[in-house]
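Residues per chain, in single letters:
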Amino acid sequence: MEDTGHSFGAYFKRATSPIVVLAILRERPMYVYELAAAMKERSAGKFTISILYPVLYRLESQGYVEIQNTEIVEGRARSYYQVTESGERHLAQCLREYDEMTKVFDELVKKGTAQ
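Reading the values: rules and limits
Residues numbered from 1 in each chain as written. Predicted model: local features only at pLDDT ≥ 70, side-chain atom pairs only at ≥ 80, totals over all residues. Heavy atoms only, no water. Helix = DSSP H or I, 4+ residues; strand = E, 2+ residues; numbered from the N terminus. Buried < 20%, exposed > 50% of the residue type's maximum accessible area, 1.4 Å probe, protein only. Contact = heavy atoms within 4.5 Å. Areas by Shrake-Rupley, 256 points an atom, 1.4 Å probe, with all protein chains shown as cover. Lys, Arg positive; Asp, Glu negative; His and termini not counted. Charge placed at Lys NZ, Arg CZ, Asp CG, Glu CD. Patch = residues over 30% accessible without salt bridge, like charges linked within 9 Å, V, L, I, M, F, W, Y side chains within 5 Å. Salt bridge = Lys/Arg side-chain N within 4 Å of Asp/Glu carboxyl O. Axes fitted to C-alpha atoms, helices over the stretch in contact; angles between N-to-C directions. Parallel < 35°, antiparallel > 145°, perpendicular 65-115°, else oblique. Nonpolar A, V, L, I, M, F, W, Y, C, P; charged D, E, K, R; others polar.

The next subject is the overall build of the protein. A tally of regular secondary structure across the protein gives four helices and two strands. Along the protein, helices and strands appear, N-terminal first, in the series α-α-α-β-β-α. Oriented by its inertia axes, the alpha-carbon framework of the protein measures out at about 60 × 35 × 20 Å. Here the protein, with 115 residues, has 30% of them falling under the buried criterion. Long-range pairs, those at least 24 residues apart, make up 49% of the contacts in the protein with a sequence separation of at least 6. Total accessible area on the protein stands at roughly 8200 Å², and carbon and sulfur atoms take up 54% of it. Across the protein, the centroid of the 15 positively charged side chains sits 4 Å from that of the 16 negatively charged ones.

Structure below.
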């Protein structure tokens, strides 16, 4: 099935991509290609985001990530993003809310289909 951007998976990725980005960057600073590769590898290719820059820019404008350093590689700038203390707190809050919503969703679905 072709992903038209309106599928459940597309909406789910859009909603959870900031959490995934923060969780992966919490391990160590990465540049965009590294981050995308880590997402793809950890999800066996099921969780990929074609354009990560808007997610990173939004997280940066919110103070949740910052550029640790930028280096020039083969004539191109490579910026390494890291999670800020505020980003750590935000991630913890998002994960709590995600866990709670997942439990609520499971209860809604199970009760609706258990008949």
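This part takes up a nonpolar patch on the surface. On the surface, a nonpolar cluster with roughly 370 Å² of combined accessible area is contributed by V104, F105, L108 and V109. For V104, a relative accessible area of 39% translates into the label partly exposed.

Helix packing geometry: the angle between the two helix axes and the distance between the axes. Interhelical geometry of helix α1 (residues 8-25) versus helix α3 (residues 53-61) gives an angle of 75° and a closest axis separation of 10 Å. If you check the angle between α1 and α3, you find them roughly perpendicular. Mapping the contact onto sequence places S17, P18, V21, L22 and L25 in α1 and V55, L56, R58 and L59 in α3. For the contact of α1 with α3, a count of residues per class yields seven nonpolar, one polar and one charged.

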